[in-house]
Amino acid sequence: LILAPAPYVGMPSILMQDKLFSGEKNSPEMSQHRIYIHLLNPREHPDDSRRFVQPPDWPTFDNTTHFTSLRKFRIEENRIVHYNTDLDIYTKVYELGDVIWPFHDFLSADNLPVFIDELKKRDLFLFDIWGYVPGSGPGEWEQYKLSPGISHLVNSKLGDHWLGMDNGEQDGRYIGGYASQMYPRSAGRLQQYLNFQQHFERLTDDLGNKIATLVSLNYGHYFLKEGVYTLIGAETAQALPNGQVFYAFIRGAGKQYGVPWFGNSSVYNRWSYKTYDVEGPDYGPAKGTSLSLMKRLMYSHILYNSMIVGFESDQLYAEKIKTSAGANGKEDALTPIGHIQRSAVRWVRETGQPGVMYTPVALMLDFFAGWTFPRHLYSSNIYRVWGNLPYQPGDYLTDAVLNMLYPGYQNSSYYHDETGFVCATPYGDIADCILSDAESWLLARYPVLVVAGELLAGEEIHDKLERYVAEGGHLIITAGNLVKFTEGLGGVKADREKKHFEANQAINLGKEKLTEEAPFDFYSLSSAGDVAVLATATNIPLAIRTVYGKGQMTILGSAFGISSMNAIAAENKIKSDEDTPLPKPYPILKHVQTILDAVFSAQMLFDVGYRLSLITCCKGEGRYTLGIANNSWQEQELKITSRCGHIESMAESVLDQSEKTAIGYTPEDVNKFQLGTSGENTIAGGDIRIFLLQVQEQEVEITPHQVPPSRPKNLFLPLRNIRLIKEEILRRPTFFEHFDGVVMDWKYLSDREISSLKQEAGWIGRQKLSIITDLTSGVDLYPALRLIDNLHADYIASMTKIEDVIEKMGILQSKELMLPLHRFPENNFTQQQAWKSFEATFIRLCKYAGQRGINLNLRMRPGIPPYSFEDAIGFIERVGAPNLQLAPSTAFELAKSADAQKTAALIQGKVGLWLVSGVEKDIVGKYWNQNLPVSYSKNRDEILKMINTNHEIPIVLDGIYKNHDEEYLDACELVSS
């Protein structure tokens, strides 16, 4: 098998003789194609019921793509005027779309309620209201707040046809204008993420927390995770990044968090904008984005399975539609832009869904990576993450892998001839970009998973990757990540000592050789099982493949697949200039590229050559839709080759061609008469064509659809000595995969002002995070809190603090309070007096809490009254409050060596929550630790049996956890039980 001639990356062909590359049917590279053919269903996402805003689903849009139109209304004397005419013209006469996408100024109009009624009457969608600019005072583009009254009006009137306010191009604005202000700007990636989240929490609060995001970089994952977004999309063209990589991230974010996406392309470029109404030095019919690019982008967005698509503006000649006379359907009112959009509307209406886009490859980045394009509009800095931090090796790997899939994507917006906005795709447009908090059910939908950056290692990501392979996936990972797993992955380990090869190292790849021109770092690999060696240097394996479970792993021994970062001094040598490629200081290693090339090539269902771009959509039963574009300005050969079976029939779906004769079809400096023609075996420069195929499939397997598992209920994680609850959840990107609540120490409430708690309460409420408040650390008789009235001043002070905590619990919607008793005083107060005082205190607190809808839970501690379950139940019965229940502890029961069956019968119906931990003895056999993690406990099975009687009762992890790994392991124990 000759692997990818690859002139697009400047590498020679390499003839591989190894069996893994031999082309034999039983070769892993020639195994069945796995295809997932289900459109996104937000209702199935495990977070759908928890998130603050439920995104629309395909039935909302009649299971077909809809289109945007009408970006601004006419306002006179604070009233929206002529809106019936405008709506008629855009949505009925010229059929441009029923998704209205207006500027925000109409929101303050006096006749807004009547206008909203009209939208409802017409069954139109209101979408992505734009014009918010943080930090700007009053004016057209300004910072403003959506009033609760208007929010209620549009929500109540329009329902699911109200698609939210606009977070428009704000990730770019943040990276370009705000990231550098963060102090210290050199803080690590976690802090960079926390800064980013805080910035956008303010924005979404201002806009009512029902938002659509039009990203201008690739930070959409961080938006969608917040649970307040209806849709995600990007404004392609303009001076913005490559559309294919844009949507690789957008689709990945949408699939990961269950939020659909939309498509848009702009009339602007870096230097000018397109309009057919007027002409000037930087605007006019020949300026801005070419019609060719706009058309290619629009149909790409449709094939990407966008729920909504459209153009930024200028579909109609403004002068010809000013009055109702303009609403007469005359063709001359449509600009060439309008003709493209209306033709696309009609094409979708006639052809329906093109099928589900085929994206068999997932590129995984770490959740906190903050990776973005090497160069972009918003900053003169290049090769930065989070806007502040220079790329590290894993980030250069991300760039390198994306450049293999979308060669030259970094050129987007920097070339006057539009090079880079849409690239040729040597393997087809086949990738989604996901973050490391992606769940196993999502990973299972991708036959190939490439760890394309540096991960923060841990037990959870280890288990997730290993499970992915065991269940049939193909994982590609570099040794720089593998070395972080002490036990390796799937029986393969990397030696902890990093080693080095100098430049011009010979590499054996099968029976052929190549030379790595740059020096690179690597790790020695070892395996407990059989492996196939793919590449060696001086007899040292540099790449191996092994089978694990139902799947396979390809391990690349190089640290991160690129040359050593100390190989050259990049400072002051790398520049980003217009009409010039961006230099790559640390290129991908040739042997790494060749191995990845084989993996990606094996995923191709169809081949149209490396000079064209290809989007494949599958409709099932051998039916496919292919979108093929020539993104150069020269005629190219067009030949469709199937790799998934014999093509039984093929027909072209005819697209309108009227734009090809219009002014502005090509960029200003491109002669449209040099483009050639689209014929039986050719495709003209700048053209896009769509074909419908019927294939007699071979070696094709449909990946079964599995509904994601539901979230755990009533499982609580203790948070101790923390700064902010929100920050602790954000530090744990997979928190809601394992827990739905936290236990918060009482001091968190006691030490905070009401105003600061109210500020955090919004985020906590939107996340539907349950909170149990715990007084245990303070109930000690002395020095903090006492529950007996033997020293009246101290007692009153304690009651005042506890009641203040109960009062503040309401702010965070905490409905459960946990508190123990404390020791008896040494002098001057008998145990009998203490018990009566305890009872009086609990009667008082139960009444105070009950008036606020709060329950009390009596915690039991070894060595502290009550000393037995019988004593505890007796105490609860004497208090006699309906909102007082028991919080039994597995550690208490273990320490007491209680009879589990007897205890279960005694406490039945009286348990408010379970505290779960193990115990540990000291050298003389006495219990000293009642907070041992369950996964470390010798009594694990006994503990799980104790709490397995009723899953409806909240379970509180009560261990002391050193890190996230220990939290994760205990959560797994309890969920699996």
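Note that the coordinates shown come from a computational prediction; the quantities given were computed from them, not determined experimentally. (Residues numbered from 1 in each chain as written. Predicted model: local features only at pLDDT ≥ 70, side-chain atom pairs only at ≥ 80, totals over all residues. Heavy atoms only, no water.)

J.: For this particular structure, what's the right way to read the nonpolar core?
T.: Nonpolar side chains tend to gather and get buried jointly when the protein is soluble and globular. Residues F115, L363, F600, I725, L812 and F842 are the most contacted members of the largest nonpolar core, which totals 232 residues. Tallying contributions element by element places helix α7 (residues 243-257) first for this core, with 8 residues. Counting residues in hydrophobic clusters, the runner-up holds 31 residues, among them I461, L465, A479 and Y523. (Core = buried A, V, L, I, M, F, W, Y, C linked by side-chain atoms within 4.5 Å. Buried < 20%, exposed > 50% of the residue type's maximum accessible area, 1.4 Å probe, protein only. Helix = DSSP H or I, 4+ residues; strand = E, 2+ residues; numbered from the N terminus.)

J.: What should I look at first to understand the confidence of the model for the protein in this one?
T.: In the predicted model, the protein carries a mean pLDDT of 93, and the fraction of residues at 70 or more is 95%. In this model residues 1-30 is a low-confidence stretch, pLDDT under 50, and it forms 61 contacts with partners more than four residues away in sequence or in other chains. (pLDDT = per-residue confidence, 0-100. Contact = heavy atoms within 4.5 Å.)

J.: For this particular structure, what's the right way to read the sheet that holds strand β39 (residues 715-719)?
T.: Note: strands within a sheet are paired through backbone hydrogen bonds, in either parallel or antiparallel orientation. Read across the open sheet, the 8 strands follow the order β44-β43-β42-β41-β40-β39-β48-β45; overall the sheet is parallel. Because the sheet does not close on itself, it has two edges, and the strands there are β44 (884-887) and β45 (914-916). Sheet twist, expressed as the average angle between the axes of neighbouring strands with direction ignored, equals 30°. Note: β39 against strand β48 (residues 955-957), 2 bridges, orientation parallel. Counted as the bridge partner of F716 is V956 from β48. Helix-sheet contacts for helix α20 (residues 831-850) involve β42 (816-820), β43 (855-859) and β44, and the interaxial angle to β43 is about 145°. (Pairing = 2+ DSSP bridges. Axes fitted to C-alpha atoms, helices over the stretch in contact; angles between N-to-C directions.)

J.: Please explain unusual backbone geometry as it appears in this structure.
T.: Peptide bonds are, in most cases, trans, and in most cases residues other than glycine have a negative phi. In this chain, Y183 is followed by P184 through a cis amide linkage whose omega measures -10°. Structurally, P184 can be placed in the loop between α4 (170-177) and α5 (189-206). For D62, which is not a glycine, the phi torsion comes out positive at approximately 55°. Take D62: it is sitting in the loop between β3 (33-35) and β4 (66-69). On the basis of relative accessible area, D62 is assigned to the exposed category, the value being 57%.

J.: Looking at this structure, how should I read the sheet that holds strand β28 (residues 540-548)?
T.: Strand order across the open sheet formed by 9 strands is β20-β17-β21-β22-β29-β28-β27-β24-β25, with mixed pairing between neighbours. If you trace the sheet from one side to the other, it starts and ends with β20 (431-435) and β25 (512-516), each paired once. Strand-to-strand twist of the sheet, defined as the mean angle between neighbouring strand axes without regard to direction, takes the value 20°. Across 3 bridges, strand β21 (residues 448-451) lies against strand β22 (residues 474-478) in parallel orientation. The residue of β22 that forms the bridge with L449 is L475. Packing against the sheet, helix α10 (residues 393-405) makes contact with β17 (361-365), β20, β21 and β22, and its axis sits at approximately 160° to β17.

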